[in-house]
Each structure stands twice: as C-alpha cells, then as structure tokens.
Amino acid sequence: MERIHGRAEQILGQEPKPLTLSPGRVLLIRVDRMLGDGTAEVSAGGNRFIASVQTGLKAGESYWVETKQTGNGIGLSVLMDRSQGEGGHTLNSLLSHYSLKREGPIKELIAEALRLNVPISRAMIEFATSVGDRLNPDIILKMERQHLPFVDRVYRSLEAGGKHPTLLTGIEELKKQLIAVGSTSEAEKLMKNVQAPLETLVGGKVADRALWILADDAQPFPQRLAALDLLRELGVLHDHSRMGQWKEELVKTILKSFPDALAAEEGLAKLGAGLTGDRTVSKQPSVPRSPEDLNVTARRVIDAIITAKKELISSVHSPIVVRTAAGQFEGHDSMTNKDSLHSQLRTIVLDELKDAIHGRDISQLLKRAVSSLGLNYETDPFVDSAKRQLIQLSQGHPVAAIRESADEIVLKMNHPALMSQDQSGFLTVVHQIPLYHAAGQTDVTIQWSGKKTDDGQIDSSQCRVMFYLHLGHLDETIVDLQIQQGVLQIVVWNEHPNIKDLAREFLPALKKGIEENGYTFSSILFKVPESRPGPASVTDQHPGVHKGVDIRI
C-alpha cells in the first residue's frame, strides 16, 4: 500500500505547504530586495515575508540562514551564502553547527533535507537523534512537511503505515494468535467488528427476500411462516407480530426508524423515488401530514416495493437496523424451518454478491466500516468498535506478542489520519479500510480532497477523490476522480496492458450510474504510471509526464 501511496504522490505532484518560522529553524532563503533599517523582503519554500537581517546581504542572492525571535518579529542569522555550500560544505557546516556525527542516519537526514530544500529545526534534530539506529530520514522529512509533532507515537504510526503486513493481514494474524492462546472470545469479537459491515448488508438483503416470501400468497404456508419468524428474529418485525398483521407492523417499524414526521415523509419520498429510478425528490411541506396520512403513504410505498421485488430493508434510503445473525445456526443438530430458510437465503445473497457487487452496496460497506472499525474512535471512545478492542488488547492482554500485534494494527489505523490535512479552507481526508466482502477481502484506501463548504464538509461539486486498491488480478490500481463544477473525469492508473479492453463493457453502466447521482460524465482515461522516481531535486517540483490511452463518451 505504501508503494501505491508513492505512485499517488508522483501523480499528484508536490503541493505547497505553509512555512513555519519557529526559532532555530535552518532554511534556504533568497533576498528579493533590501528595504533598509536592517529589514529585507525574502522568499523561502514558495512563501514571501519580511524579516530582520544583518547588513551586507545582496538582493538576488541566496543564503542559508537560522531563524530567531527578535523584538520586531522574525530575524534571520546568516550561516553561509549558497555559493559557499557547494561541494558538501553546507552539510559539514550544519553538522558542526548542531554538533552531530559526520556519519550514519543523522547525516543522511541532513543531506536529504538540504537536497530537497526542507527546513531543518532543532526539534527535528533532537527527535531524530533520540530515534537512534532505526531512524528513517524519509519519515522525519514527512513529519516536517506535514507539520506533525516530533513525538514517538506519530513516528511509529508513519513507520507502521509503510510496513507489511497490510491491515487485513495483520487482523487475520492477530485472530490466529488469540485463538492459539485460548482467547477465542476475543478473536470472535474482533472478527465480528471488522466483518460487521458485510453482515449488516447481507442481513438486510436476506430480510428483503424473506419479505417477498411472506407477501407471496402463492408460497406454502409453512414457508411464509418461516419467513415471518425470520423477520422477527432479524428485528424487522415486532417479536409478537402475527401473520395477518405483519404489514401493519412493518409500517410501524419503518415510521419509527425516522426521527420525526417530517423525516419520515422525506424518507418515504426517497423510497418511492428509488422505486421509479427518479433521483429528484420534491421538496416536502414544512407542516407534515397527519399520522393517518403517513400510514397510508408508507403502506402504499411498501406494497409497491415488495410487488416489484425491490430492496426495502437493505435500501440505502432505509434506516432500519437489522440484527446480524451470521453463523448463528451453524453447528446445530436440528434446524427449524426459520433456520433452514435463513441458511438458504443467506447462501443465495452471498452468491449474488460474489457475482456482482453494486456501487450502492460498496458505498454502504464503506460507510458502515468507518463506524464498526472505529476509525473515528478518538471522537467517541465509548462506542464499541474494532479499534477500541485493539487498544484494550494492546494495553491489557497478558501475552506480550498479542499486545505488540494489536498495537501495530492501531498504529496502522492511525496512519491515514496523519495524512489528512485541514488548511486554509482546503480539506484532505484519508481513510484506509480493511474491507470484507462476499467475493473476498481487500484493503481500500480513499483520499478526498477539496474546498470546504460552510458546514466544514468537502464540496462534492468540485473536489478530487482517489481510491488506492490492490486487486486480485489487476494488482495495484489507482482510480482518480476529478470533479469540476459537477463534471466528472476518471483516470485509472494501472500497469495491466489490456485494462482498456477489460473496462469497455462496464462503461455504459458507469456513465449511467454517474449521471443518476447528479454528475455529468466527461471522460475516462487509462494511464500506465512510470516507475516510481527517487526524491525530487530542489528544482524538480512537477510530476513526470505519463503515457496513456483515452476513452471519451
């Protein structure tokens, strides 16, 4: 996954970062002009500012300087001019300036910082020295560029983000370790948390099929009764629902799942629109209709959806929570009709999902995974999640190897959050999600970038979304969605020579899906990335040129 991240950096190029000027920072500046009275207008890292300088500097010349605090603001103390730094003289001077060894990883760090024009600070040097022989200069420079604090936990998270195994592999390995030491209940709880999105999706689809059986008078009565029992078991119907009253109970369940009458009216309108394929929902009145009217509307929508055998419970518009019961009936010597029906319907649903997973299903899986994994654990640490359990294991399990394995996974889960940024009205959010689905499992990394709206969200009409994927047959793949004023262009980065031909049959469905979600489809490009370059030079601040083929619709 780290290799994919490197490819993405190559594609995106270097983005300008704010410049911080805390005392003791060493950086290369250019004097734009002398202003007199010991001040000058200078440039550094694409930023221009006014600073106090010593006399004798020349406009148009570059100097290595150390920042300091003065009574008038920013002060710069010249270490040497750039011409004196040729032939490694700058590196040796800085090593002497900070009293550092002239060999080892610290020297490599200073040399790389000079080559890339990354500012050097005493905090950076002190932390890098404390890391010792395991120091990775690239991580230290990333921390500086991202303006992350120089603390061990941050360093270790960035370090873990570039290591194998992946999140999925780490979770599976931890499960085996827990079982091996007899912590079977902990292993089951961990897998329940990470597989919860898939089980919720499957449970909803099973409930939908049970509804179709229950509503079909042509079905044998025992089969309909088993469907009724299953729907009660899954929590869709009240535990005491009767055969002749199931539809009234379903209406109650749906209406109770909305917070108020206005939300119910809007939700029913969305369900009806989803049935007809109409994505536009008329604006609801500010005063809701009576409960009787809502009941009539809900029943009409339910009848239409069930008659058309459309999904109601697993619909993206439906807030009904289904109890997941995966594996609940396995290992029983005898099975009831309800158990047998559940097993049959679950098999059918899983086979369908293995054959084709729709975009709506993937969307639901990803949204639910954020919650069940606990990717936002720090904002609500009391919600049960995989991350909460992993932290508890890392702090309290009696076996040291399990504590270390759990902590390594937590560090990996923290890595994407460190890559997210919120700067000057521009928001970048990164999520890495170990995703279990019917056709297998994979790690999915998603990066959203765009301007913030007034409520702090990313503006969906003008943004960029990147998916970093490791696929079974296509291997490493980056899907880059660029949206400008609601117009969407897709770039697929992959080394497979026939990817354009493989994708051709999916393009009509892709275009239709994009337009159904309110966007205008522009084009899809297939590009082959070049081999990952080494670190860019000071003057090389632009991504390389890439070759590719172009499909336009």
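Before reading further, recall that the structure is shown in the block above.
Below is a summary of the structure that appears in this document.

Thresholds applied
- Residues numbered from 1 in each chain as written.
- Predicted model: local features only at pLDDT ≥ 70, side-chain atom pairs only at ≥ 80, totals over all residues.
- Heavy atoms only, no water.
- Helix = DSSP H or I, 4+ residues; strand = E, 2+ residues; numbered from the N terminus.
- Buried < 20%, exposed > 50% of the residue type's maximum accessible area, 1.4 Å probe, protein only.
- Areas by Shrake-Rupley, 256 points an atom, 1.4 Å probe, with all protein chains shown as cover.
- Pairing = 2+ DSSP bridges.
- Phe/Tyr/Trp six-rings, centres within 6.5 Å; stacked < 30°, edge-to-face > 60°.
- Salt bridge = Lys/Arg side-chain N within 4 Å of Asp/Glu carboxyl O.
- Axes fitted to C-alpha atoms, helices over the stretch in contact; angles between N-to-C directions.
- Parallel < 35°, antiparallel > 145°, perpendicular 65-115°, else oblique.
- Left-handed = near helix turned anticlockwise from the far one by under 90°.
- Contact = heavy atoms within 4.5 Å.
- Polar contact = N/O pair within 3.5 Å; in protein donor to acceptor, adjacent residues only side chain to side chain.
- Core = buried A, V, L, I, M, F, W, Y, C linked by side-chain atoms within 4.5 Å.
- Nonpolar A, V, L, I, M, F, W, Y, C, P; charged D, E, K, R; others polar.

1. Some thoughts on the overall build of the chain
Okay, so step 1: Of regular secondary structure, the chain possesses 18 helices and 13 strands.
Okay, so step 2: In the chain, which comprises 553 residues, the proportion classed as buried is 44%.
Okay, so step 3: Put simply, the chain shows about 28,600 Å² of open surface, and 50% of that area lies on carbon and sulfur atoms.

2. Here we look at the pairing of strand β1 (residues 26-36)
Okay, so step 1: Pairing geometry for β1 and strand β4 (residues 62-70), over five bridges, is antiparallel. Within β4, the residue paired with I29 across the bridge is Y63.
Okay, so step 2: Both β1 and strand β2 (residues 39-44) contribute to a ladder of five bridges, which runs antiparallel. Residue pairing across strands places R33 opposite E41, the latter belonging to β2.
Okay, so step 3: Hairpin connection from β1 to β2: two residues lie between these consecutive antiparallel strands, with D37 at a positive phi of about 55 degrees.

3. A few points about the packing of aromatic side chains
Okay, so step 1: With the rule as written, the count across this model stands at two aromatic pairs.
Okay, so step 2: Where F127 meets F150, the ring centres are 6.0 Å apart and the plane angle is 40 degrees; that geometry is what we call tilted. Linking F127 in helix α4 (residues 122-131) with F150 in the loop between α5 (137-145) and α6 (152-161), this pair joins segments that are 23 residues apart in sequence.
Okay, so step 3: A residue is classified by how much of its surface remains accessible, and F127, at 9% relative accessible area, is buried.
Okay, so step 4: Each member of the aromatic cluster is reached from another via a ring pair, and the members are F127, F150 and Y155.

4. Overview of the pattern of salt bridges
Okay, so step 1: Taken as a whole and assessed by the stated rule, the structure comprises 25 salt bridges.
Okay, so step 2: In this structure, D361 engages K205 in a salt bridge whose closest nitrogen and oxygen atoms are separated by 3.4 Å. Of this pair, D361 sits in helix α14 (residues 359-373) while K205 sits in helix α8 (residues 184-215), placing them 156 residues apart in sequence. For the pair D361 and K205, a shared accessibility class is recorded, and that class is buried.

5. Notes on the packing of α8 against helix α13 (residues 337-355)
Okay, so step 1: Relative to each other, α8 and α13 sit at 120 degrees, their axes nearing to 9 Å. Of the possible angle classes, the one that applies to α8 and α13 is oblique. Here α8 and α13 pass one another in a crossing that is right-handed. Taking contact as the criterion, the partners of E199, L201, V202, K205, V206, R209, A210 and I213 in α8 are, on α13, L341, H342, L345, R346, I348, V349, L350, E352 and L353.

6. Considerations on the pairing of strand β11 (residues 487-493)
Okay, so step 1: With five of seven residues buried, β11 lies mostly within the body of the structure.
Okay, so step 2: Pairing of strand β10 (residues 475-484) with β11 involves seven bridges; the strand directions are antiparallel. What sits directly across from Q484, in β11, is V487.
Okay, so step 3: The turn joining β10 and β11, which pair antiparallel and follow one another in sequence, is formed by two residues; a positive phi near 55 degrees is taken by Q485.
Okay, so step 4: Strand direction decides the pairing type here: β11 and strand β12 (residues 520-528), joined by seven bridges, are parallel. Residue I490 lies in a different strand from β12, and its bridge partner there is I524.

7. Topic: the side chain of S314
Okay, so step 1: Here S314 lies in the loop between α12 (291-307) and α13.
Okay, so step 2: Engagement of the side chain of S314 in a polar contact is seen with the side chain of E311, the distance being 3.3 Å.
Okay, so step 3: Beyond its immediate stretch of four places on either side in the chain, S314 contacts L201, G204, K205, D208, R360 and Q364.

8. With respect to the nonpolar core
Okay, so step 1: Of all hydrophobic cores here, the largest spans 90 residues; its most connected members are L174, L250, L312, I313 and I490.
Okay, so step 2: Those residues in contact with I490, other than ones at most four positions away along the chain, are V479, D480, L481, L510, I514, F521, S523, I524 and L525.
Okay, so step 3: In terms of nonpolar packing, the next biggest core, distinct from the first, is built from 35 residues, M80, I110, V118 and L158 among them.

9. So, the packing of helix α3 (residues 105-116) against α5
Okay, so step 1: In the contact formed by α3 and α5, the axes pass within 9 Å of each other and the chain directions differ by 45 degrees. One element, α3, and the other, α5, form an angle in the oblique class. Of the two elements, α3 crosses α5, and the hand of that crossing is right-handed. Contact with α3, carried on its side by P105, E108, L109, E112, A113 and L116, involves P137, I140, L141 and R145 of α5 and no other residues of that element.
Okay, so step 2: Split by residue class, the contact of α3 with α5 holds seven nonpolar, no polar and three charged.

10. Considerations on the side chain of K247
Okay, so step 1: Counting through the fold element by element, K247 comes out in helix α10 (residues 246-256).
Okay, so step 2: Given the relative accessible area of 18%, K247 is considered buried.
Okay, so step 3: Polar side-chain contacts of K247 include one of 2.7 Å to the side chain of D303.
Okay, so step 4: If we ignore the near neighbours within four places in the chain, the residues touching K247 are R299 and D303.

11. Re unusual backbone geometry
Okay, so step 1: The backbone of N117 shows a phi angle near 65 degrees, a positive value even though the residue is not glycine.
Okay, so step 2: Following the sequence through the fold, N117 ends up in the loop between α3 and α4.
Okay, so step 3: Residue classification places N117 among the partly exposed positions, given a relative accessible area of 31%.
Okay, so step 4: Positive phi, close to 55 degrees, is recorded for H147, a residue that is not glycine.
Okay, so step 5: With respect to the secondary-structure elements, H147 resides in the loop between α5 and α6.
Okay, so step 6: Of the residues examined, H147 reaches a relative accessible area of 31% and is grouped as partly exposed.

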